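Single-letter residue listing:
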Amino acid sequence: MELFLDIGNTSTKWCLEGGSSQYGKCENTYLPAAIVSILDENDVSKIYLSNVGKSTILDSVALKATKKGVKINEAKLRGECLGIKFKDGYETQIGVDRWLAIAAAKNITQNAFCVIDFGTTVTIDSVTEEGLHLGGLIFPGAHLIQKAIIDNTQINLTLSAPSLARYDASLATSTRQALDLLPSKLLIPGIRDCVKNIIDSQKNIVNVYVTGRIEKEVIPYLSRDAQFHKGLVLEGLKLYSKI
């Protein structure tokens, strides 16, 4: 069996591939224990991983895997690979998770496309039908937006779990409600305008793919024809394992 790990800034998504596919996720704090459990309960021969988290997370995974005799293969971004090309050496500036996500998207369409990935941050990447990466943007994620307000003011409130699905024209009637509404008020219009500009700038059809931690009811707000794909980074990592 093969284990695929998408290690993000705060949490990790994983997929165990054997006769069937098993998916899971956990906070990075609990990843070492999760790895031990997975390796104890399954006959894993290789681990493929993408890591944009702290190096200590990778070190702890490597330590657990080494004790079990399991080989680790960390994905490294290449200039032209998996159908994706970059402009002017930009591949040295983009996270490996973004590369894997757009590589997975390229594998499912012949059209130009953009990928919107919701995590600790929200990233947008635009790619031509020939596979040339045109560039992208990074937005703060919902929790980072709230955290910036709380950490830099005298507002004595805790972080909540803001829902982007609450996007509408309503006004808040309390500070708590204002904090909860803020991420949707900032992110949805900003992402929607960015996607519209990407679509308008290209002559041909542009597919829009959304992945990561996002409520599905939010997706139509971002782009009318946007499609949700649960784990594009993991799918890109599976493609990487075959090269």
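Cut-offs and rules
- Residues numbered from 1 in each chain as written.
- Predicted model: local features only at pLDDT ≥ 70, side-chain atom pairs only at ≥ 80, totals over all residues.
- Heavy atoms only, no water.
- Buried < 20%, exposed > 50% of the residue type's maximum accessible area, 1.4 Å probe, protein only.
- Helix = DSSP H or I, 4+ residues; strand = E, 2+ residues; numbered from the N terminus.
- Arc of directions from axis to C-beta.
- Salt bridge = Lys/Arg side-chain N within 4 Å of Asp/Glu carboxyl O.
- Disulfide = S-S within 2.5 Å.
- Pairing = 2+ DSSP bridges.
- Contact = heavy atoms within 4.5 Å.
- Axes fitted to C-alpha atoms, helices over the stretch in contact; angles between N-to-C directions.

A. Representation of helix α4 (residues 142-151) in the model. Along α4, the positions that sit buried rather than exposed are Ala142, Ile145, Gln146 and Ile150. Burial along α4 is one-sided: seen end-on, the buried residues are contained in an arc of 130°.

B. Just the pattern of salt bridges, in detail. Summed over all chains, the structure comprises 10 salt bridges. With a shortest N-O distance of 2.7 Å, Glu17 and Lys238 are connected by a salt bridge. Taken together, the residues span a long stretch of sequence, with Glu17 in strand β2 (residues 11-17) and Lys238 in helix α7 (residues 232-240) at a distance of 221 residues. In this structure Lys238 comes out as buried when scored by relative accessible area, which is 10%. For the salt bridge of Asp200 with Lys196, the shortest nitrogen-to-oxygen distance reads 2.8 Å. Placement of the pair is Asp200 and Lys196 together in helix α5 (residues 175-201), with a separation of four residues, close to one helical turn. The class for Asp200 is exposed, based on a relative accessible area of 51%. Connected through salt bridges with shared partners, the residues Glu17, Glu235 and Lys238 form a single ionic network.

C. Summary view of the state of the cysteines. This structure, assessed with the given rule, holds zero disulfides. The closest cysteine sulfur to the non-disulfide-bonded Cys26 is located on Cys15, 14 Å from its own sulfur. A disulfide-free cysteine, Cys194 has its sulfur positioned 7.3 Å from the sulfur of Cys114, the nearest such atom.

D. Fine view of the environment of Gly190. As for its placement among the helices and strands, Gly190 is situated in helix α5. With 32 residues separating them along the chain, Gly190 and Leu222 place their C-alpha atoms 9.1 Å apart.

E. Layout of the sheet that holds strand β8 (residues 112-118). Strand order in the open sheet made by the seven strands is β6-β7-β10-β9-β8-β11-β12, with mixed pairing throughout. The open sheet has two edge strands with one neighbour each: β6 (80-81) and β12 (227-228). Examined bridge by bridge, strand β11 (residues 206-212) and β12 share two bridges and lie parallel to one another. Its bridge partner lying in β12, Tyr209 is registered against Gln227. Most of the contacts of α5 go to strand β9 (residues 121-127), to which it runs at about 10°, and overall it touches β8, β9, β10 (132-140) and β11.

By themselves, these are just geometric observations and shouldn't be taken as functional.
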